[in-house]
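# Summary of structural features
Okay, here's what each chain looks like letter by letter:
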Amino acid sequence: MTDVPPIPPIPEAVTVALAGMGIELEPGDAERLRGYLEALRAANERFNLTAITDPAEMWVRHIQDSLTLVPFLASAETKLVIDVGTGGGLPGIPLAIVMPEIRMTLLEATGKKAAFLEETVTALGITNARVVNERAETAGQDHHEHRAHYDAVVARAVAKINTLSELTVPLARDGGSILYIKGAQAEAEVAEAKQALYMLHTHVVDLHKTATGTVVVLEKTRTTPRSYPRLPGEPKRKPLH
Ligand code: SAM
């Protein structure tokens, strides 16, 4: 173990930024978010979960950035949410902490990361999140458990939208939302994915700029054709076009 100082409490600037998005943390939330960053940083010494390890930057680029989705999830109809390719738990764990009214599924293909997530949700007492160690292509064809099951599907830093849409849209119910946290390339990716979004019966509702990036908001208009998602690896190897 290296001797590193603890992650400091939530910076004032982050509290202000969250308030600007209408997010008032409940007692205990900020400490659980801090505990999560501690767990993430400690696990990062064993295997790679994040390139960002500076505490102040972790608060902004992991916590604040993840929570930019809160305004889009805060509706009475949104209960079941899945985070596809959650890695070390982003954006899913911060969202589960500050939104106890949602039920979060953390979907991650890599076993080692899924094991970290299991440990972390248990250690932090996050009772509204579950971990599923599976590929999105497999979950998306699982008609009993996952396909068309979720009110909202979220993802950050997993793939370009032409690939990511095939991994995520099949998991949403008809009328459900699909939300991606993207950077400056959001608009170009949406343009490139035009045909994929059409084939998946999904349209763009909003490209919303935030202090840390861009939230791409999609709505699923109709049932996904049965052939999507294709077999594991296909959406990335040969994006829909
Ligand atoms: N979302 C996290 C974040 O923003 O820090 C992690 C991003 S990491 C670059 C991408 C993650 O997506 C990896 O942990 C990878 O294992 C996972 N992933 C990639 N393709 C996937 C798939 N088809 N199904 C499930 N997980 C996938």
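First, a word on what this report is: a plain description of the structure on this page. Since we're looking at a predicted model, the values are computed, not measured.

### What to know about the site of the ligand
- Around the ligand lies a shell of 15 residues, among which Gly85, Leu90, Glu108, Ala136 and Arg156 are the nearest.
- Separating a nitrogen atom of the ligand from a backbone N or O atom of Ala109 is a distance of 3.4 Å.
- Looking at the shell around the ligand residue by residue, the classes come out as five nonpolar, four polar and six charged.

### Let's talk about unusual backbone geometry
- Cis geometry marks the peptide bond from Leu90 to Pro91, where omega comes out at 5°.
- Here Pro91 shows up in the loop between strand 1 (80-84) and helix 5 (92-98).
- In this model, Tyr228 is joined to Pro229 through a cis peptide bond whose omega is 0°.
- Of note in the backbone geometry, Ala148 takes a positive phi value of approximately 55° without being a glycine.
- As for its position among the elements, Ala148 is in the loop between helix 7 (136-139) and strand 4 (150-156).
- Classification of Ala148 by relative accessible area gives partly exposed; the value is 38%.
- Although it is not a glycine, Ala157 sits at a positive phi angle of roughly 55°.
- Structurally, Ala157 can be placed in the loop between strand 4 and helix 8 (161-168).
- Its relative accessible area of 72% is what places Ala157 among the exposed residues.

### Here we look at the sheet that holds strand 6 (residues 202-209)
- Spatial strand order, 3-2-1-4-5-7-6: seven strands in an open sheet with mixed pairing. With partners counted over all chains shown, the strands left at the sheet margins are strand 3 (129-132) and strand 6, one partner each. Within this sheet the neighbouring strands show an average axis-to-axis angle of 20°, counted without direction.
- Across six bridges, the pairing between strand 4 and strand 5 (residues 172-182) is parallel. Note that in strand 5 the partner of Ala155 across the bridge is Tyr180.
- Lying on the sheet, helix 6 (residues 111-123) is in contact with strand 2 (103-107) and strand 3; it crosses strand 3 at an angle near 160°.

### Some remarks on the side chain of Thr86
- Turning to its location among the elements, Thr86 is positioned in the loop between strand 1 and helix 5.
- The class of Thr86 is buried, set by a relative accessible area of 3%.
- Setting aside residues up to four positions removed in sequence, Thr86 forms contacts with Gly92, Leu106, Leu107, Glu108 and Leu117.

### A few points about the nonpolar core
- Among the nonpolar cores identified, the biggest contains 45 residues, and Tyr36 and Leu73 are the most heavily contacted of them.
- Leaving out residues up to four positions away in the same chain, Tyr36 has contacts with Ile63, Gly88, Gly89, Leu90, Ile93, Pro94, Ile97, Thr120 and Leu124.
- One finds Leu80, Leu167, Ala186 and Leu197 within the second-largest nonpolar core, a separate group that totals 29 residues.

The rules behind each value
- Residues numbered from 1 in each chain as written.
- Predicted model: local features only at pLDDT ≥ 70, side-chain atom pairs only at ≥ 80, totals over all residues.
- Heavy atoms only, no water.
- Near = heavy atom within 4 Å.
- Polar contact = N/O pair within 3.5 Å; in protein donor to acceptor, adjacent residues only side chain to side chain.
- Nonpolar A, V, L, I, M, F, W, Y, C, P; charged D, E, K, R; others polar.
- Helix = DSSP H or I, 4+ residues; strand = E, 2+ residues; numbered from the N terminus.
- Buried < 20%, exposed > 50% of the residue type's maximum accessible area, 1.4 Å probe, protein only.
- Pairing = 2+ DSSP bridges.
- Axes fitted to C-alpha atoms, helices over the stretch in contact; angles between N-to-C directions.
- Contact = heavy atoms within 4.5 Å.
- Core = buried A, V, L, I, M, F, W, Y, C linked by side-chain atoms within 4.5 Å.

Taken by themselves, the reported measurements are silent on function.
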